Amino acid sequence: MYSKSTTRGESRYIKVAWRRHKYLTNAAKLLNSKYTLQLLIWLSILSLNSILQIYELLKGHLEIYSNSREMFLAILFLILLTAITVVCHITAYEANKLGRILTSPEYFDKDNSQKLQMIFSIGQYFLFNPFNFSACGLFNVNLPLLMAIASGITTYLVILM
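Only a predicted model underlies this, so the values are computations on that prediction, with no experimental measurement involved.

Caption draft 1: Molecular detail of the overall build of the protein. A tally of helices and strands in the protein yields four helices and two strands. In the protein, the succession of helices and strands from N to C terminus is α-α-α-β-β-α. In the protein, which comprises 161 residues, the proportion classed as buried is 32%. Relative to all contacts within the protein whose residues are 6 or more apart in sequence, the contacts with residues 24 or more apart total 77%. For the protein, the accessible area works out to roughly 10500 Å², and carbon and sulfur atoms hold 65% of it.

Caption draft 2: View of the confidence of the model for the protein. Predicted confidence across the protein gives a mean pLDDT of 78, with 86% of residues reaching 70 or more. Between the elements of the protein, mean pLDDT differs from a low of 73, seen in helix 3 (residues 113-128), to a high of 87, seen in helix 4 (residues 143-160). Note on residues 1-6: pLDDT is under 50 here. Beyond four places in sequence and across chains, it has 18 contacts.

Caption draft 3: Just the packing of helix 2 (residues 64-102) against helix 4, in detail. The geometry of helix 2 relative to helix 4 is characterised by a closest axis approach of 8 Å and an angle of 155 degrees between their N-to-C directions. Considering the angle they form, helix 2 stands roughly antiparallel to helix 4. Every residue of helix 4 that contacts helix 2 at L78, L81, T82, T85, V86 and H89 is listed here: L143, L145, L146, I149 and I153. Of the residues belonging to the contact of helix 2 with helix 4, the class tally is eight nonpolar, three polar and no charged.

Caption draft 4: A look at the layout of surface pockets. Computed from the structure, the largest pocket encloses a volume of approximately 160 Å³. Lining the largest pocket are 13 residues, with L43, S44, S47, I149 and Y156 positioned closest to its centre. Listing elements by their share of the lining of the largest pocket, those giving two or more residues are helix 1 (8-59) and helix 4. Residues belonging to the lining of the largest pocket are distributed by class as follows: ten nonpolar, three polar and no charged.

Caption draft 5: Representation of the nonpolar core. Among the nonpolar cores identified, the biggest contains 24 residues, and L43, L81, I84, F131, V141, I153 and L157 are the most heavily contacted of them. The set of elements that each furnish at least two residues to this core consists of helix 1, helix 2 and helix 4. Ranked by residue count, the leading element in this core is helix 1, at eight residues. Grouped together as the second largest cluster of nonpolar side chains are six residues, I14, L102, I119 and F126 included.

Caption draft 6: Broad picture of a nonpolar patch on the surface. On the surface, a cluster of nonpolar side chains totalling about 380 Å² of accessible area is made up of W42, F72, L76 and L80. If one sorts the elements of the nonpolar patch by residue count, helix 2 sits on top with three residues. Inspection of the secondary structure puts L76 in helix 2.

Caption draft 7: How the structure looks around the pattern of salt bridges. Summed over all chains, the structure comprises one salt bridge. Residue K97 pairs with E94 through a salt bridge whose shortest N-O separation is 3.2 Å. Of this pair, K97 and E94 both sit in helix 2, three residues apart, which is roughly one turn of that helix.

Caption draft 8: Here's a closer look at helix 2. The terminal C-alpha atoms of helix 2, which comprises 39 residues, lie 57 Å apart, in line with the 57 Å expected from a rise of 1.5 Å per residue. At N96, helix 2 shows its strongest bend, of approximately 30 degrees.

Parameters and conventions
Residues numbered from 1 in each chain as written. Predicted model: local features only at pLDDT ≥ 70, side-chain atom pairs only at ≥ 80, totals over all residues. Heavy atoms only, no water. Helix = DSSP H or I, 4+ residues; strand = E, 2+ residues; numbered from the N terminus. Buried < 20%, exposed > 50% of the residue type's maximum accessible area, 1.4 Å probe, protein only. Contact = heavy atoms within 4.5 Å. Areas by Shrake-Rupley, 256 points an atom, 1.4 Å probe, with all protein chains shown as cover. pLDDT = per-residue confidence, 0-100. Axes fitted to C-alpha atoms, helices over the stretch in contact; angles between N-to-C directions. Parallel < 35°, antiparallel > 145°, perpendicular 65-115°, else oblique. Nonpolar A, V, L, I, M, F, W, Y, C, P; charged D, E, K, R; others polar. 1 Å grid on protein atoms, 1.4 Å probe; cavity = no way out; pocket = protein on both sides within 12 Å on 5 of 7 lines; lining within 4 Å. Points joined across faces, edges and corners; volume = space filled by probe spheres on them. Core = buried A, V, L, I, M, F, W, Y, C linked by side-chain atoms within 4.5 Å. Patch = residues over 30% accessible without salt bridge, like charges linked within 9 Å, V, L, I, M, F, W, Y side chains within 5 Å. Salt bridge = Lys/Arg side-chain N within 4 Å of Asp/Glu carboxyl O. Expected span 1.5 Å × (residues − 1). Bend = angle between axes of the 7 residues up to and from the residue.

If you want it as structure tokens, here you go:
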């Protein structure tokens, strides 16, 4: 629950948070512009390697050493894929949380309409300038992407078998 009154210190805190969010958004845009192709390639290669390793494991024509190696590699690729998407999702979620807080009805003080207007406009700025990671602008890297990759891996494994 949020405080009903917004003090002068809270207004200063919100302005500082606004400025830091702008820096964070600019840094994310810079990171996306520099590493977007690498992120796309990494996600593609990890997904493809996961499919191939699981397929080799499910074929079952290999000896115990090869099966354990394929299983280890499949688990490693899936862990790396999960780590990338989870870190990107958590970072974006935490950065976008402030907009939802500032525009929630619990945060407003009915006595001071000037502060209310400023806080609401800052909250709108946060809501309309979301922070996210994308791979070449094709898709955002977040948890729903992980589910889409898992369904794609399953589909390809069914086709290959």
